[in-house]
Amino acid sequence: MVDLESEVPPLPPRYRFRDLLLGDQGWQNDDRVQVEFYMNENTFKERLKLFFIKNQRSSLRIRLFNFSLKLLSCLLYIIRVLLESPSQGNEWSHIFWVNRSLPLWGLQVLVALISLFETILLGYLSYKGNIWEQILRIPFILEIINAVPFVISIFWPALRNLFVPVFLNCWLAKHALENMINDLHRAIQRTQSAMFNQVLILISTLLCLIFTCICGIQHLERIGKKLNLFDSLYFCIVTFSTVGFGDVTPETWSSKLFVVAMICVALVVLPIQFEQLAYLWMERQKSGGNYSRHRAQTEKHVVLCVSSLKIDLLMDFLNEFYAHPRLQDYYVVILCPTEMDVQVRRVLQIPMWSQRVIYLQGSALKDQDLLRAKMDDAEACFILSSRCEVDRTSSDHQTILRAWAVKDFAPNCPLYVQILKPENKFHIKFADHVVCEEEFKYAMLALNCICPATSTLITLLVHTSRGQEGQQSPEQWQKTYGRCSGNEVYHITLEDSAFFAEYEGKSFTYASFHAHKKFGVCLIGVRREDNKNILLNPGPRYIMNASDICFYINITKEENSAFKNQDQQKSSFSRSFYHGPSRLPVHSIIASMGTVAIDLQDTSCRSASGPTLTLPTEGIREVRRPSIAPVLEVADASSLQTCDLLSDQSEDETTPDDKMSSNLEYAKGYPPYSPYIGSSPTFCHLLHEKVPFCCLRLDKSCQHNYYEDAKAYGFKNKLIIVAAETAGNGLYNFIVPLRAYYRPKKELNPIVLLLDNPPDIHFLDAICWFPMVYYMVGSIDNLDDLLRCGVTFAANMVVVDKESTMSAEEDYMADAKTIVNVQTLFRLFSSLSIITELTHPANMRFMQFRAKDCYSLALSKLEKKERERGSNLAFMFRLPFAAGRVFSISMLDTLLYQSFVKDYMISITRLLLGLDTIPGSGFLCSIKITEEDLWIRTYARLYQKLCSSSGDVPIGIYRTESQKLATSESQISISVEEWEDTKDCKDQGHHRGNHRNSTSSDQSDHPLLRRKSMQWARRLSRKGPRHSDEMNDHQSTLSYILINPSPDTRLELNDVVYLIRPDPLSYLPNSEPSQNSSLCNAAGQDSREETQL
């Protein structure tokens, strides 16, 4: 077989100048026919046009050659002037005739011939039917003036010394430079900034004006003062700078006229150039210019992509990002499609931020804008959603497209994405870190109902602080609260740690207790070297390995700590809080610019039986207290029996009949249905059969039951009411933590969803498997709806921010309706614990507002002082936030920013909130200190008690103190006895069904509904003494959180201790769920396979 490839001749080379003239001759002796396709006709003119004009690279070479010729002609003119001897006399002939040597003339003629030929050829190629358009162009006229006299002098030798204004070629050089830059941009397929082009044109124009003026003055003064080039340069500079010394002046009328002409040209040309330059400068200030490639390769930067940049969002990001010492040399490039806000512009002009932050106006969907931001060289890209949009789903869609565009342009750039709706999360599962706002929000609000102030606890943990807030305050609770707020989560390898290295081979609870006792750090979790999953409090069965990564809570990380042994600081004992023999650590923490000095206890003398604690003596009144079992290094079988928490405590307290009915009513398993793709499967309390949709409606009877309000159901536990606008998929994450399998059945609270709009069928299908979950359509501004949903029987009421009110003409007015409605609830139901979500954290000062409250005014002044000191948590001393009664999702933005340095923070937060469940990982819960528990006395002994008995690890205290709050405004006093009328009660019962679905808008139009509200107010006033005490007590107390308090912190009555309790399933022999879950496991398994990403 003939090898066809060897017979095929090579393809012809790219067009060269020889090919343009001769064409391709290689195919003449070949029998085959080559067919070539051309964009234009294959004529000699078209080939020339392709070479000189259309082809970018060859055209660039031609223009560069032309530019060099023009500069050479100007240089030859200067050489001719310098070589010419001064003329004698003042005859006008010296203007028209000059002395030009023969070699110089030859060079100028050669340059003129080449320039003239090139000009004629380009004019021919660009001819489009109008010859006068080509002839009357200024570059063509200048070329004729400068080249034709030299060509004529070849044939007429007498004209060889004729003066030719060759210095005008500088303007042709400027024109060639502009064309050359355009060809350069086309050749390299990259556009330089318009600012650079305009500056280059301005400089070249100014140089051409000065050079023309210099040469013209020098030549015209040949019949005057005989000025040389340097004197002419001096005169031009003095004249154009408007100084005008007058020591050098033109004498002849021709030179004077030339100076006038040049000044007029300058007054016309230069302002136009400066105007264009100023316009481009203003436009560049709006768009932000470029982040240079050189800077991107030599400096580190991150890119922040947002749809609209608000000042609060910007400051939260900058304060949290630059709070870490190793990020001080990073630059932040902001890519935003909108023009810079006035407030943002003002902040970015501050020197601290102007040197670090670069604002670029552009879209993340355009590769050109991503190239301006040097996204491919960025260390990370943060993509944030606009939560103030009316359509949050549309905002998520924009975020998804931005994430896709960045991943397509820079696949190696780490992505940190914020999404709003949980159902959109699976579109960006490729991102390195994702924070879903509604998932975190509802899970946090749910835990707030069973673990008070969980939102405040998480907010303080994910904010970077040095614990200096409140240290200048005269009140002790603010100092303690502010100091403990500086605790954060850090990580270190066990073998590299001075905190935990000695506990290798010991149990986790043993390491956690002794590390807290000795160093004051709280070990909360570990991660195996070969496993990516973090385990929170894996329990006493877990044995610490040298390669384990330990996660702990402390005021600062271990690398920034200095250690001092207590026996070397004996002089400090005299200033200790405890006198006499004591084995408690002094635990004095001195935080200064990131370095902490910790005084350590001398632990050289220990008993062989294990660690013991000796409390400070109290003299003769000391009474023997119950002892606390030591925390074992390795847990044995007897200790593990106390840790089996899977058996429901409530079941043990009931009779056998009740236990049997309880087991038949609930099961434990995975929810069969999930409302969206991507939800993490959680082991929960479920019903054996799903509830019919009609029975989920609280305020309407059906064929299965006749209950029409919460009172008729007769719930044993108090209700949890959630007031929301719609039943979004995120609301599912509110129910799951409250129905988790580790919650005792006896403590399950009924959940009532008070919705403005009816839920869809998919949401009802997801919640119908959970016990005691109901919904009703109503609003919190309707008193009738509140009474029907059981507000008088509720323990907590959660008010979720409505999407329709998140956007307002004035930003901070978005919370106006929510604040006023909650204030009404606070006045009417003072004993009700109300948890409110706000759009803007600054509005939390209006929660539970009381005018002329001296204590609130003092807290307002403290907040302003903390903000002036540069605190990122200035709002932390507001009583509603400290008590966990108000929350804003924007506070969790720092979680995404902090994950750039601590990539484990999102995983730990999800585990704490119950959004993720990992086998062997613990969960967050709380216990309350009663009078029977006060014998423990200190936090260290409580730590030991919990670790040795149940394996729990405490992480903080929620403390409530009595505080006399001075106020001159009393609560609403409801005294409506004069409105009492028994006839109204009869009318109310008679007309009960006619007004069930009334709303707040028509409430004033129905007298009967008003009478019903008065009946409720009358019943409330009859309970006067008890409710009055609760109201006054509620106003006279303040609550706050102590994260990882020192071991010697005294326990107080009603303290709520936050615990990380081990996973109960990890103590079962086969690590299998109980038999109660068998009915729901089959359906739950299918849902896990479908929804888990």
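Look a little higher up for the structure.
Conventions we followed
- Throughout this document, residue positions are counted from 1 along each chain, in the order its sequence is written.
- For a predicted model such as this one, the threshold for reporting local features is a pLDDT of at least 70, and the threshold for listing and counting side-chain atom pairs is 80 or more; totals across whole chains, interfaces and linings nevertheless cover every residue.
- Excluded from the side-chain calculations are hydrogens and water; all other atoms, namely the structure's heavy atoms, are used.
- Here a strand is any run of E in DSSP of at least two residues, a helix any run of H or I of at least four, and the numbering for each starts at the N terminus.
- Partly exposed residues are those whose accessible area sits between 20% and 50% of the maximum for their type, while under 20% is buried and over 50% is exposed, using a 1.4 Å probe and protein chains only.
- Any two residues whose heavy atoms approach within 4.5 Å at even a single point are treated as in contact.
- Residues enter patches when their relative accessible area tops 30% and they take part in no salt bridge; the joining distance is 9 Å for like charges and 5 Å for the nonpolar side chains Val, Leu, Ile, Met, Phe, Trp and Tyr.
- Note on areas: Shrake-Rupley with a 1.4 Å probe; residue coverage comes only from the protein chains shown.
- Each reported salt bridge corresponds to a side-chain nitrogen of Lys or Arg within 4 Å of a carboxyl oxygen of Asp or Glu.
- In this tally, Asp and Glu contribute negative charge and Lys and Arg positive charge; neither His nor the terminal groups of the chain are included.
- Charged side chains are reduced to one point each, which is NZ for Lys, CZ for Arg, CG for Asp and CD for Glu.
- Strand pairing follows a simple DSSP-based rule, namely that at least 2 bridges must link the two strands.
- The convention used is that axes are lines fitted to C-alpha atoms, helices contributing only their stretch in contact, and that angles between N-to-C directions extend from 0 to 180 degrees.
- Side-chain rings of Phe, Tyr and Trp (the six-membered ring for Trp) are treated as a pair once their centres are within 6.5 Å; stacked means planes under 30 degrees apart, edge-to-face means over 60, and tilted covers the remaining angles.
- When two cysteine sulfur atoms are found within 2.5 Å, that pair is recorded as a disulfide.
- For our purposes a nonpolar core is just a set of buried Ala, Val, Leu, Ile, Met, Phe, Trp, Tyr and Cys residues, chained together by side-chain atoms within 4.5 Å.

> Explain the overall build of the protein to me, please; I cannot follow it from the model alone.
Scanning the protein from N- to C-terminus turns up 40 helices and 25 strands. Within the protein, the fraction of its 1093 residues that count as buried is 53%. Contacts spanning at least 24 positions in sequence make up 76% of the contacts within the protein whose residues lie at least 6 apart.

> How do you make sense of unusual backbone geometry when you look at a structure like this?
One can expect most non-glycine residues to show negative phi and most peptide bonds to be in trans. The backbone of A453 sits at a positive phi, close to 65°, despite the residue not being glycine. If you trace the backbone, A453 turns up in the loop between α19 (437-450) and α20 (454-462). In this structure A453 comes out as buried when scored by relative accessible area, which is 1%. Phi is positive for M772, close to 55°, though the residue is something other than glycine. Take M772: it is sitting in the loop between α29 (761-767) and β18 (773-777).

> How do you make sense of a negative patch on the surface when you look at a structure like this?
Among the surface-exposed residues, E495, D496, E504, E529, D530 and E559 lie close enough to one another that they form a single negatively charged patch. Note on placement: D530 falls in the loop between β8 (522-527) and β9 (535-536). A residue is classified by how much of its surface remains accessible, and D530, at 75% relative accessible area, is exposed.

> What is the right way to read the environment of R295 from this model?
Following the sequence through the fold, R295 ends up in helix α13 (residues 293-298). Looking at R295, the relative accessible area reads 28%, which means it is partly exposed. Separated by 82 residues in the primary sequence, R295 and D377 place their C-alpha atoms 9.9 Å from one another. Once residues within four sequence positions are removed from consideration, R295 is found in contact with Y331 and I358.

> What is the right way to look at the sheet that holds strand β17 (residues 751-755) in this model?
Sheets are built from strands that pair by backbone hydrogen bonding, the pairs being arranged parallel or antiparallel. The strand order β18-β17-β16-β19-β20-β21 describes an open sheet built from 6 strands, whose pairing is parallel. Each having just a single partner strand, β18 and β21 (886-888) make up the two edges of the open sheet. In this sheet, adjacent strand axes meet at a mean angle of 15° when their direction is disregarded. Across 5 bridges, strand β16 (residues 719-724) lies against β17 in parallel orientation.

> I'm lost on the sheet that holds strand β22 (residues 923-928) in this one. Help?
Read from one edge of the open sheet, 4 strands run β22-β25-β23-β24, paired in antiparallel fashion. For this open sheet the edge positions go to β22 and β24 (1037-1043), each flanked by a neighbour on one side alone. Each neighbouring strand pair of the sheet contributes to a mean axis angle of 25°, computed without reference to strand direction. Summarising the sheet, strand β23 (residues 953-962) and β24 pair through 7 bridges and their orientation is antiparallel. Considered in β24, the bridge of E961 is made with L1038. Here helix α36 (residues 939-949) sits on the sheet in contact with β22, β23 and β25 (1056-1061), set at roughly 135° to β23.

> Whenever I open this one, the packing of aromatic side chains confuses me. Can you help?
The way to describe two aromatic rings as a pair is by their centre distance and the angle between their planes. Per the stated rule, a full pass over the model turns up 36 aromatic pairs. Measuring from centroid to centroid gives 5.4 Å for Y77 and F167, while their planes differ by 65°, and the two rings are edge-to-face. Of this pair, Y77 sits in helix α4 (residues 56-83) while F167 is found in the loop between α8 (138-155) and α9 (169-188), placing the two residues 90 residues apart along the sequence. This pair shows no difference in class: Y77 is buried, exactly as F167 is. Considering the side-chain rings of Y490 and Y552, the 6.1 Å spacing of their centres and the 40° angle between planes classify their relative orientation as tilted. Note that Y490 is positioned in strand β7 (residues 488-493) and Y552 in strand β10 (residues 549-554), a separation of 62 residues in sequence.

> Is there a simple way to think about the state of the cysteines in this case?
One way to say it: the disulfide is the covalent bond shared by the sulfur atoms of two cysteines. Scanning all chains against the criterion turns up 0 disulfides. In this structure C170 is a free cysteine whose sulfur lies 4.2 Å from that of C208, the closest cysteine sulfur available.

> What is the right way to look at the pairing of strand β2 (residues 331-336) in this model?
A regular strand carries its side chains on alternate faces of the sheet. Burial analysis of β2 places 6 of its 6 residues in the buried class, which makes it a mostly covered element. Here β2 shows two buried faces, one formed by Y331, V333 and L335 and the other by V332, I334 and C336. The pairing of strand β1 (residues 301-305) with β2 spans 5 bridges and is parallel. Following the sheet pairing, V303 is matched in β2 by V333. Here β2 pairs with strand β3 (residues 357-361) via 5 bridges, running parallel. Counted as the bridge partner of V333 is I358 from β3.

> What's the story with the nonpolar core in this structure? I'm lost.
Side chains of nonpolar character tend, in soluble globular proteins, to be buried together. Grouped together as the largest cluster of nonpolar side chains are 200 residues, with contacts concentrated most on F321, F382, F500, F734 and M797. Element by element, the count of residues in this core is highest for α19, at 8 residues. Setting aside residues no more than four positions away along its own chain, F382 makes contact with V302, V303, L304, C305, F317, F321, Y416, L896, Y897 and F900. One finds C74, I210, V259 and A266 within the second-largest nonpolar core, a separate group that totals 42 residues.

> Explain a positive patch on the surface to me, please; I cannot follow it from the model alone.
The grouping of R845, K861, K864 and K865 at the surface amounts to a positive patch. For K864, the position within the fold is in helix α32 (residues 854-868).

> Is there a simple way to explain the pairing of β10 in this structure?
With respect to burial, β10 is a largely interior element, 6 of its 6 residues being buried. Side-chain alternation along β10 places I549, F551 and I553 on one buried face and C550, Y552 and N554 on a second face that is also buried. Examined bridge by bridge, β7 and β10 share 6 bridges and lie antiparallel to one another. Counted as the bridge partner of Y490 is Y552 from β10.

> Hey, could you run me through the pattern of salt bridges in this one?
Pairing is possible between side chains that carry opposite charge, provided their charged atoms lie close to one another. For the coordinates displayed, the defined rule picks out 23 salt bridges. Between K441 and E837 there is a salt bridge, with its nearest N and O atoms 3.6 Å apart. Of the two residues, K441 is situated in helix α19 and E837 in strand β20 (residues 833-838); the sequence distance between them amounts to 396 residues. Both residues of the pair, K441 and E837, count as buried. Connected through shared salt-bridge partners, R392, K421, E437 and E438 make up one network.

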